[in-house]
Amino acid sequence: EIYKENILKEKNDEIEAQNEELRIINEELIKSNEISLRNQAYYKTIFENAPIGIVHYDEKGVITNCNEIFAQIIGTPVHKLVGLDMTKQLADNNMIQEVKNTLKTGIGYFEGKYTSISSGRVLYLKVKGKAIYNQEKKVIGGVSTVEDISEIKKYESDLKEAKNRAEQSDKL
């Protein structure tokens, strides 16, 4: 009888120790989840309120998400951009190359004239891309920032034209 009580007490102690370990693990998971949710909220706020366009894409170059500024720049609603395979569906080879370089080398860059395939808008864009890596250092996608520099290009052109006119009038 005493032997059974000792065995039951040992088993009970083991169960209590395991319960304590599980409680500690559960607390750590709750804290980790809270940190993750807070980081997610920070990221979402930055993503949605950034003053430049941001586009995320998978390892194949398919758009998985973009912010409203990107959609406004391109002239197409977000829901029509998500799912677009940029390496196959874009008409601009320079933009395709930016995406491919980002995914292949980790960095992509494009600055120049771009015509949106969905809206037909002609713009001057500055695009900077960075690959996203998993823990094994494998590329799992990319993110690019996109700025519409059309006005800057227009001012540069106007300035060149004014300079040329001034030089021509100096020759007279």
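Use the structure listed above.
Residues numbered from 1 in each chain as written. Predicted model: local features only at pLDDT ≥ 70, side-chain atom pairs only at ≥ 80, totals over all residues. Heavy atoms only, no water.

Visitor: So what exactly am I meant to see when it comes to a nonpolar patch on the surface here?
Guide: Together, L22, I25 and L29 make up a nonpolar patch on the protein surface, roughly 300 Å² of accessible area in all. For I25, a relative accessible area of 43% corresponds to the partly exposed category. (Patch = residues over 30% accessible without salt bridge, like charges linked within 9 Å, V, L, I, M, F, W, Y side chains within 5 Å. Areas by Shrake-Rupley, 256 points an atom, 1.4 Å probe, with all protein chains shown as cover. Salt bridge = Lys/Arg side-chain N within 4 Å of Asp/Glu carboxyl O. Buried < 20%, exposed > 50% of the residue type's maximum accessible area, 1.4 Å probe, protein only.)

Visitor: Got a minute to help me understand the environment of I152 in this structure?
Guide: Looking at where I152 falls in the secondary structure, it is placed in helix α6 (residues 150–171). A sequence separation of 28 residues divides I152 from Y124, and the C-alpha atoms of the two residues are 8.8 Å apart. (Helix = DSSP H or I, 4+ residues; strand = E, 2+ residues; numbered from the N terminus.)

Visitor: Before we go on, may I ask you to explain empty space enclosed by the protein in this structure?
Guide: Here the idea is plain: a probe the size of a water molecule rolls over the atoms and shows the empty space left. Within this structure, the stated rule accounts for one cavity of 30 Å³ or more. One number sums up the size of the largest cavity: a volume of about 170 Å³. Only β1 (53–58), α2 (68–74), α5 (93–105), β4 (122–133) and β5 (139–148) provide two or more residues apiece to the lining of the largest cavity. Per-element accounting of the lining of the largest cavity gives the leading share, three residues, to α5. Tallied by class, the residues present in the lining of the largest cavity amount to 16 nonpolar, three polar and one charged. (1 Å grid on protein atoms, 1.4 Å probe; cavity = no way out; pocket = protein on both sides within 12 Å on 5 of 7 lines; lining within 4 Å. Points joined across faces, edges and corners; volume = space filled by probe spheres on them. Nonpolar A, V, L, I, M, F, W, Y, C, P; charged D, E, K, R; others polar.)

Visitor: What's the story with the side chain of T87 in this structure? I'm lost.
Guide: With respect to the secondary-structure elements, T87 resides in helix α4 (residues 86–89). Separated by 3.4 Å, the side chain of T87 and the backbone oxygen of K60 make a polar contact. Within polar-contact distance, the side chain of T87 engages the side chain of D85 at 2.8 Å. T87 has contacts with K60, G61, I96, V99 and K100, leaving out every residue within four places of it along the chain. (Polar contact = N/O pair within 3.5 Å; in protein donor to acceptor, adjacent residues only side chain to side chain. Contact = heavy atoms within 4.5 Å.)

Visitor: Would you take a moment to explain the sheet that holds β5 for this structure?
Guide: Pairing between sheet strands relies on hydrogen bonds along the backbone, with the strands arranged either parallel or antiparallel. Ordered by their spatial adjacency, five strands build an open sheet running β2-β1-β5-β4-β3, and the pairing between neighbours is antiparallel. Looking at which strands have only one partner, the edges of the open sheet turn out to be β2 (63–66) and β3 (107–115). Taking the axes of each pair of neighbouring strands and ignoring which way they run, one obtains an average angle of 25° across the sheet. With nine bridges connecting them, β3 and β4 associate as antiparallel partners. Residue pairing in the sheet places G108 in a bridge with G129 of β4. (Pairing = 2+ DSSP bridges. Axes fitted to C-alpha atoms, helices over the stretch in contact; angles between N-to-C directions.)

Visitor: What exactly am I supposed to notice about the pattern of salt bridges here?
Guide: Tallied over the entire structure, the rule returns eight salt bridges. With its nearest N and O atoms 3.5 Å apart, the salt bridge here joins E156 to K153. Linking E156 with K153, this pair stays in helix α6, spanning three residues, or about one helical turn. By relative accessible area, K153 is classed as partly exposed at 25%. Notably, a salt bridge pairs R165 with E161, separated by 2.8 Å at the nearest N-O pair. Of this pair, R165 and E161 are both found in helix α6, four residues apart, which corresponds to roughly one turn of the helix. Exposure remark for E161: the relative accessible area of 45% places this residue in the partly exposed category. Each member of the salt-bridge network shares a partner with another, and the members are E20, R23 and E27.

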